[in-house]
Amino acid sequence: MKDTQEQGRGKPVMSGGRRLAWGAGIGVLLFAIGYGLNARGWLSFSLGSPDSATIKVGDVGYSREAMQADREAQSKDKLAVTAGMPVGPDGYFVPPAESSIPDTPYGEAVRRGQQIFMETSTTVSDHVGNTLACVNCHLDAGRREHSAPMWGAYVSYPAYRSKTKAISTLEDRIIGCFTYSMNAQASSTGVAPPAGSDVYRDLMTYMYWMSDGAPTGQKLPGAGFPKVKKTELGYDVARGKEVYTNNCVLCHAVDGQGQKDAESGVVFPPLWGNNSYNWGAGMARIDTAAGFIKANMPLGKPFSLTDQETWDVAAYINSHERPKDPRQTGTLEQARVEFHDGEESYYGKKVNGLVLGGGVDK
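Please read these numbers as outputs of a predicted model, since none were measured by experiment.

### Structural notes on helix 3 (residues 105-118)
And step 1. Taking 1.5 Å as the rise per residue, helix 3 with 14 residues should run 20 Å; its terminal C-alpha atoms sit 20 Å apart, in good agreement.
And step 2. Looking at the buried positions of helix 3, the neighbouring elements they touch are helix 4 (120-123), helix 5 (139-142), helix 6 (150-153) and helix 8 (198-210).

This is the structure we're talking about:
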């Protein structure tokens, strides 16, 4: 048989097999063109993967409202689409709005946890030995990406931590925050709240509420602090002082003690001295501080400092004395070897003629 036949005005018409072949070829061609344009960033269409935890079509993410609608549909029909993770157009997890906290006993616990998170040094004053609050390191009430947000933390525990060389629960992790970041040993009780305290119960309830819709055990984009690659020049305290003067003094003052308000308390936190985090805190490590600073500082201008400026200013901030590491029971050198060896830290090292780590004289 011939592939074509005369029909109508005599124009050849393709057989079904040839039409199928042509259609398949055109489809492959269009896909290749689209894929190439998308790879070059000329199209906004993208599909996420389990690794990125991002599902996007164009510039529209998967909203929290869509998640709730899918949940409701599945409650009525088990074969309906399974609700996914709420993601914004930027690819980051979208936590629930504060206005959605329910007026229930559960909601009351969420609000108590939020208040502790925002005003730690006043709401848990018996166990806080400085003027810091959780929100000073976990910005926007613990919601902001790249600021170790609580929606990224809650779904990550229990987990093994090299710092403790053991599996830590979320409560263990918060106890560590009170011990190091809040410098609990300088409080009136001298310790963090005891295990099982309502302080932890309320804080974890707040974190649970915030992480609604986030997958358990999966590292989400924006969780934790970003890592900043160390530059060829390394870091330098003198250069860091210049960066601090040009970018940080307005909020944290020349002496690094931040600003206070008579009514609301601390407005901008102290970065060193008695009222700051101690030498055992993660933020006392220069690389950790650099990651936080890169993504969040100066306030309102994230990612505005170069990597070099970030490392240098982190070094300058952490070249000042602060409360001692509560794990130190012997000499400073013994503590350095046991707890700080190999760290990007000035603990137990000489800076400007002084060996750091011994604590601040009150």
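### What to know about the packing of helix 9 (residues 237-247) against helix 12 (residues 307-317)
And step 1. Put simply, helix 9 and helix 12 touch, their axes get as near as 7 Å, and they point 100° apart. Between helix 9 and helix 12, the angle is such that the two are roughly perpendicular. Taken together, the residues of helix 12 that come into contact with helix 9 (itself represented by Val237, Arg239, Gly240, Lys241, Val243 and Tyr244) are Gln308, Glu309, Asp312, Val313, Ala315, Tyr316 and Ile317.
And step 2. Looking at the contact of helix 9 with helix 12, its residues break down into seven nonpolar, two polar and four charged.

### Let's talk about unusual backbone geometry
And step 1. Of note, the amide linkage connecting Tyr157 to Pro158 takes the cis form, showing an omega dihedral of 5°.
And step 2. If you trace the backbone, Pro158 turns up in the loop between helix 6 and strand 3 (159-161).
And step 3. Along the chain, Met297 connects to Pro298 via a cis peptide bond; the corresponding omega equals -5°.
And step 4. Inspection of the secondary structure assignment puts Pro298 in the loop between helix 11 (286-296) and helix 12.
And step 5. Although it is not a glycine, His146 sits at a positive phi angle of roughly 65°.
And step 6. Summarising the element assignment, His146 is placed in the loop between helix 5 and helix 6.

### Quick look at the environment of Asn247
And step 1. As for its placement among the helices and strands, Asn247 is situated in helix 9.
And step 2. Contacts of Asn247, omitting those with residues within four sequence positions, involve Pro298 and Leu305.
And step 3. Within the structure, Asn247 has its side chain in polar contact with the backbone oxygen of Val243 (distance 2.9 Å).

### So, the environment of Leu305
And step 1. For Leu305, the position within the fold is in the loop between helix 11 and helix 12.
And step 2. The contacts of Leu305, once residues within four sequence positions are left out, are Asn247, Ile293, Lys294, Met297, Pro298 and Thr310.

### Considering the packing of aromatic side chains
And step 1. Enumeration over the complete set of coordinates arrives at 13 aromatic pairs.
And step 2. Ring centres of Tyr235 and Trp311 lie 5.7 Å apart, and the angle between their planes is 5°; this geometry places the pair in the stacked category. Here Tyr235 is found in the loop between helix 8 and helix 9, whereas its partner Trp311 is found in helix 12, with 76 residues between them in sequence. Note on accessibility: Tyr235 and Trp311 belong to one class, buried.
And step 3. Between the aromatic rings of Trp272 and Tyr316, the centroid separation amounts to 5.8 Å while the plane-to-plane angle is 85°, which identifies the pairing as edge-to-face. Highlighted residues: Trp272 in the loop between strand 6 (265-268) and helix 11 and Tyr316 in helix 12, separated in sequence by 44 residues.
And step 4. Accessibility expressed as a relative area gives 9% for Tyr316, which makes it buried.

### Thoughts on the pattern of salt bridges
And step 1. Taken as a whole, this structure holds twelve salt bridges when the rule is applied.
And step 2. Put simply, Asp202 and Arg112 hold a salt bridge, and the shortest N to O gap is 3.0 Å. Note that Asp202 is positioned in helix 8 and Arg112 in helix 3, a separation of 90 residues in sequence.
And step 3. Asp202 gets classed as buried once you look at its relative accessible area, which sits at 8%.
And step 4. Linking Asp312 and Arg239 is a salt bridge whose minimum nitrogen-to-oxygen distance equals 2.7 Å. Of this pair, Asp312 sits in helix 12 while Arg239 sits in helix 9, and the two are 73 residues apart along the sequence.
And step 5. Here Asp312 falls in the buried class, since its relative accessible area comes to 2%.
And step 6. Note on Arg239: relative accessible area 30%, which makes it partly exposed.
And step 7. Connected through salt bridges with shared partners, the residues Arg64, Arg71 and Asp212 form a single ionic network.

Parameters at a glance
Residues numbered from 1 in each chain as written. Predicted model: local features only at pLDDT ≥ 70, side-chain atom pairs only at ≥ 80, totals over all residues. Heavy atoms only, no water. Helix = DSSP H or I, 4+ residues; strand = E, 2+ residues; numbered from the N terminus. Expected span 1.5 Å × (residues − 1). Contact = heavy atoms within 4.5 Å. Axes fitted to C-alpha atoms, helices over the stretch in contact; angles between N-to-C directions. Parallel < 35°, antiparallel > 145°, perpendicular 65-115°, else oblique. Nonpolar A, V, L, I, M, F, W, Y, C, P; charged D, E, K, R; others polar. Polar contact = N/O pair within 3.5 Å; in protein donor to acceptor, adjacent residues only side chain to side chain. Phe/Tyr/Trp six-rings, centres within 6.5 Å; stacked < 30°, edge-to-face > 60°. Buried < 20%, exposed > 50% of the residue type's maximum accessible area, 1.4 Å probe, protein only. Salt bridge = Lys/Arg side-chain N within 4 Å of Asp/Glu carboxyl O.

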